[in-house]
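Results of the structural survey
In case you want the letters, here they are:
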Amino acid sequence: MPATDTVLEKGIMQIPKWWSCPSGYEEIQEKAHFVGKSELLHRSSISDQQSLYPRESLKKITEAGFGAVTVPASHGGLETGFTGFAVLAETFAQYCASSAMCWVMHTAATQTLFEAGTPEQRNRFIPGVINGEIGGLAFSEPATGSHFWNVVSSAPRQRDGYLLNADKSFVTSAGEADWYIVCTNSPDSTLEDKLMFLLVKNDQEGIECFPFNAMGLRGNSSGPMTFKDVFVPRENRIGTEGGMNYFNENTIDPLFLLGTAAVWTGVAQGALNTAIDGAKKKVHADTGKSVASYQVIRHELAKAQILIDSSRSMVYRTAQGMDELVRNGHSLAEHLFPIWQVKTHAADMVIQVTNQALQVSGGRGYLTGQVEKYLRDGRAGAVMGPTNEILREWIGRSLVEVPWFE
Ligand SMILES: Cc1cc2nc3c(=O)[nH]c(=O)nc-3n(C[C@H](O)[C@H](O)[C@H](O)COP(=O)(O)OP(=O)(O)OC[C@H]3O[C@@H](n4cnc5c(N)ncnc54)[C@H](O)[C@@H]3O)c2cc1C
């Protein structure tokens, strides 16, 4: 008799596969679970305790073929689209949030390079990415904080390139990535929008990185960076001299918001799985009952799972919608509303669910280890840009039909 029939005979309801994985992505999800279980999970606590960059885990992700997932197959990528990207981000995050977050930022940087870059730049940089080079996005600056699209730094023209001077407040993979897309202003641009993207290699002179000592995502290396008189040759300018805000809205925000929403969904599921496991295993000697046998605990687990699935449903519906838009030649910049919502919801949800997971785990959950780590990691979501306050404002403005952007 097949296993499922046995399970059905026992009256145990199975969670259908389609509920947690969009159709057609089962194979990559399974592969990502395998990488997560065998390569990410056991390194995750060490990375957290020692603030160690998850280089080995990222290497294993690349070796599994996930180094350039959104890049077309014609350029050696996996061409997963947004849906496959979200499936992978969610799955990796169940095992190691830092690896998943570094990978999301890397994927967003790679896709920006691919979309805004020239054919020559694609040929020069994408093969390195497929072989394991890591990219980062250096946008946020201390002067403008959460308003990372309003950077104050600049890079005037100099000889056959630009002289970059910039202070960056948070850069995921700072000092660890092989290259960064640095967002700055071009004072020489004739365009109204002065934003310019420069690709800076990690070993260039004039770069300094500072440690990241944070509550969670401790392996991320998301510390400040300074770029002092860094010369960037013109061939490493990605896109136009000014006018790059479009790529913020059409490429970086959509990928970043969807990817992080998927990460927070995965972090919440990882926390809940750990809590469920603990609740089943912990048996009180006096009553002979497991923690999972208390109805109040089971209700809490159910409420948490429903919340996670609300976020997961939004993540996959949004991702599939984004794939559809791109297939039909539409600009994502005109369809940001659901993408803002999904990140806001996932980042709120993970705070609530990781708290519930800790509560049902009792004192064990409070001890340094898996459950409290998920809580600390997940807390980053709401403060990462665009922050939940800013996103709610954009959503609210759109609802009352006033321009979302001032
Ligand atoms: C773990 C981590 C990784 C990160 N990685 C990167 C990265 O790789 N690259 C990068 O460029 N940046 C990165 N960031 C920066 C991130 O995107 C935000 O820019 C940053 O977290 C904002 O912090 P701040 O201290 O500058 O906030 P502030 O701007 O000082 O904000 C403080 C508070 O005010 C609220 N607020 C600010 N402006 C408004 C407004 N207009 N309306 C309503 N409320 C507002 C904020 O929501 C927040 O609650 C990272 C941040 C973290 C925490």
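What you see is a predicted model; the values in this text were computed from it and never measured.

Cut-offs and rules
- Residues numbered from 1 in each chain as written.
- Predicted model: local features only at pLDDT ≥ 70, side-chain atom pairs only at ≥ 80, totals over all residues.
- Heavy atoms only, no water.
- 1 Å grid on protein atoms, 1.4 Å probe; cavity = no way out; pocket = protein on both sides within 12 Å on 5 of 7 lines; lining within 4 Å.
- Points joined across faces, edges and corners; volume = space filled by probe spheres on them.
- Pairing = 2+ DSSP bridges.
- Helix = DSSP H or I, 4+ residues; strand = E, 2+ residues; numbered from the N terminus.
- Contact = heavy atoms within 4.5 Å.
- Axes fitted to C-alpha atoms, helices over the stretch in contact; angles between N-to-C directions.
- Phe/Tyr/Trp six-rings, centres within 6.5 Å; stacked < 30°, edge-to-face > 60°.
- Buried < 20%, exposed > 50% of the residue type's maximum accessible area, 1.4 Å probe, protein only.
- Lys NZ or Arg CZ within 6 Å of the ring centre and 35° of its normal.
- Near = heavy atom within 4 Å.
- Polar contact = N/O pair within 3.5 Å; in protein donor to acceptor, adjacent residues only side chain to side chain.
- Areas by Shrake-Rupley, 256 points an atom, 1.4 Å probe, with all protein chains shown as cover.
- Nonpolar A, V, L, I, M, F, W, Y, C, P; charged D, E, K, R; others polar.
- Parallel < 35°, antiparallel > 145°, perpendicular 65-115°, else oblique.
- Left-handed = near helix turned anticlockwise from the far one by under 90°.
- Core = buried A, V, L, I, M, F, W, Y, C linked by side-chain atoms within 4.5 Å.
- Domains from an automatic or database assignment.
- Buried area = accessible area lost by both parts, 1.4 Å probe.
- Salt bridge = Lys/Arg side-chain N within 4 Å of Asp/Glu carboxyl O.

**Observations regarding empty space enclosed by the protein**
- Tallied over the entire structure, the rule returns 1 cavity of 30 Å³ or more.
- The volume enclosed by the largest cavity comes to roughly 60 Å³.
- Surrounding the largest cavity, Phe148, Trp149, Asn245, Asn248, Glu249, Asp253, Trp394, Trp404 and Phe405 form its lining.

**Side note on the sheet that holds strand 8 (residues 237-238)**
- Spatially, the 4 strands line up as an open sheet ordered 1-4-5-8, and their pairing is mixed. Strand pairing shows two members of the sheet lacking a second neighbour, strand 1 (135-138) and strand 8, which therefore form its edges.
- Pairing geometry for strand 4 (residues 179-185) and strand 5 (residues 195-201), over 7 bridges, is antiparallel. Considered in strand 5, the bridge of Tyr180 is made with Val200.
- Where helix 6 (residues 97-116) meets the sheet, it contacts strand 1, strand 4, strand 5 and strand 8, and its direction lies at approximately 85° from that of strand 1.

**As for the packing of aromatic side chains**
- On inspection of all chains with the given rule, the structure shows 15 aromatic pairs.
- Geometrically, the ring pair formed by Trp404 and Phe405 is edge-to-face, given 5.1 Å between the ring centres and 65° between the ring planes.
- Residue classification places Trp404 among the partly exposed positions, given a relative accessible area of 24%.
- Each residue in the set Phe148, Trp149, Phe337, Trp340, Trp394, Trp404 and Phe405 is aromatic and connected to the rest through ring pairs, giving one cluster.
- For Arg122, the ring lying beneath its charged end belongs to Phe114, and the centroid distance is 3.9 Å.
- One cation-aromatic arrangement involves Arg159 over Phe231; the distance from NZ or CZ to the ring centre is 4.5 Å.

**Considering the sheet that holds strand 7 (residues 225-233)**
- Reading across from one edge, 2-3-7-6 is the order of the 4 strands in this open sheet, with antiparallel pairing throughout. With one partner strand each, in any of the chains shown, strand 2 (157-158) and strand 6 (207-209) form the two edges of the open sheet.
- Alignment of strand 6 against strand 7, held across 3 bridges, turns out to be antiparallel. Along strand 7, the bridge assignment pairs Ile207 with Phe227.

**Concerning the site of the ligand**
- Surveying the vicinity of the ligand reveals 19 residues, the closest of which are Ser140, Ser146, Thr172, Thr387 and Glu389.
- Contact distances for the ligand include 2.7 Å between a nitrogen atom and a side-chain N or O atom of Ser140.
- His147 has a polar side-chain atom sitting 3.0 Å from a nitrogen atom of the ligand.
- Bound to the protein, the ligand loses 68% of the 990 Å² it would expose on its own.
- Counted by class, the shell around the ligand contains 10 nonpolar, 8 polar and 1 charged residues.

**Describing the packing of helix 6 against helix 8 (residues 245-281)**
- At a minimum axis distance of 10 Å, the contact between helix 6 and helix 8 shows a crossing angle of 160°. Overall, the two elements helix 6 and helix 8 adopt an arrangement that is roughly antiparallel. The chirality of how helix 6 crosses helix 8 is right-handed. The segment helix 6 lies against helix 8, with Ala97, Ala100, Met101, Val104, Met105, Thr107, Ala108, Gln111, Thr112, Glu115 and Ala116 engaging Phe247, Asn250, Thr251, Ile252, Leu255, Phe256, Gly259, Thr260, Val263, Trp264 and Val267.
- Residues that form the contact of helix 6 with helix 8 fall into these classes: 14 nonpolar, 7 polar and 1 charged.

**Structural notes on the environment of Gly65**
- Along the chain, Gly65 falls in the loop between helix 4 (55-63) and helix 5 (81-93).
- Between the C-alpha atoms of Gly65 and Lys31, which are 34 residues apart in sequence, the distance is 10.0 Å.

**Examining the environment of Ala380**
- Tracing the backbone through its elements, the reader meets Ala380 in helix 12 (residues 380-383).
- A C-alpha to C-alpha distance of 7.7 Å links Ala380 and Leu217, two positions 163 residues apart in sequence.

**Considerations on the nonpolar core**
- If you look at the biggest cluster of nonpolar residues, it comprises 119 residues, and the most contacted ones within it are Trp103, Leu164, Phe227 and Trp264.
- Here the element with the most residues in this core is helix 8; it accounts for 16 residues.

**Some details on the domain arrangement of the protein**
- Domain assignment breaks the protein into domain 1 (13-134), domain 2 (137-238) and domain 3 (245-399).
- The C-alpha-based centres of domain 1 and domain 2 are spaced at 23 Å.
- Every contact between the two is made by 26 residues of domain 1 and, on the other side, 21 residues of domain 2.
- Here domain 1 packs against domain 2, burying approximately 2000 Å² in sum over the two surfaces, 58% of which is carbon and sulfur.

**Here's the deal with the pairing of strand 5**
- Across the 7 residues that make up strand 5, a large majority, 6, are buried.
- In the sheet, strand 5 pairs with strand 8 via 2 bridges, with the strands oriented antiparallel. Residue pairing in the sheet places Leu198 in a bridge with Arg237 of strand 8.

**Side note on the packing of helix 8 against helix 10 (residues 336-366)**
- Direction vectors running N to C along helix 8 and helix 10 enclose 20°, while the axes themselves pass 8 Å from each other. One way to sum up the angle between helix 8 and helix 10 is to call them roughly parallel. Considering only the axes of helix 8 and helix 10, their crossing is left-handed.

**Brief notes about the pattern of salt bridges**
- Counted according to the given criterion, the structure contains 17 salt bridges.
- Here Glu176 ties to Arg55 by a salt bridge, and the two come within 2.9 Å at their closest N and O atoms. In this pair, Glu176 is assigned in the loop between strand 3 (161-168) and strand 4 and Arg55 in helix 4, connecting sequence segments 121 residues apart.
- A residue is classified by how much of its surface remains accessible, and Glu176, at 27% relative accessible area, is partly exposed.
- Its relative accessible area of 39% is what places Arg55 among the partly exposed residues.
- Notably, a salt bridge pairs Glu90 with Arg312, separated by 2.8 Å at the nearest N-O pair. Of the two residues, Glu90 sits in helix 5 while Arg312 sits in helix 9 (residues 295-327), which places them 222 residues apart along the sequence.

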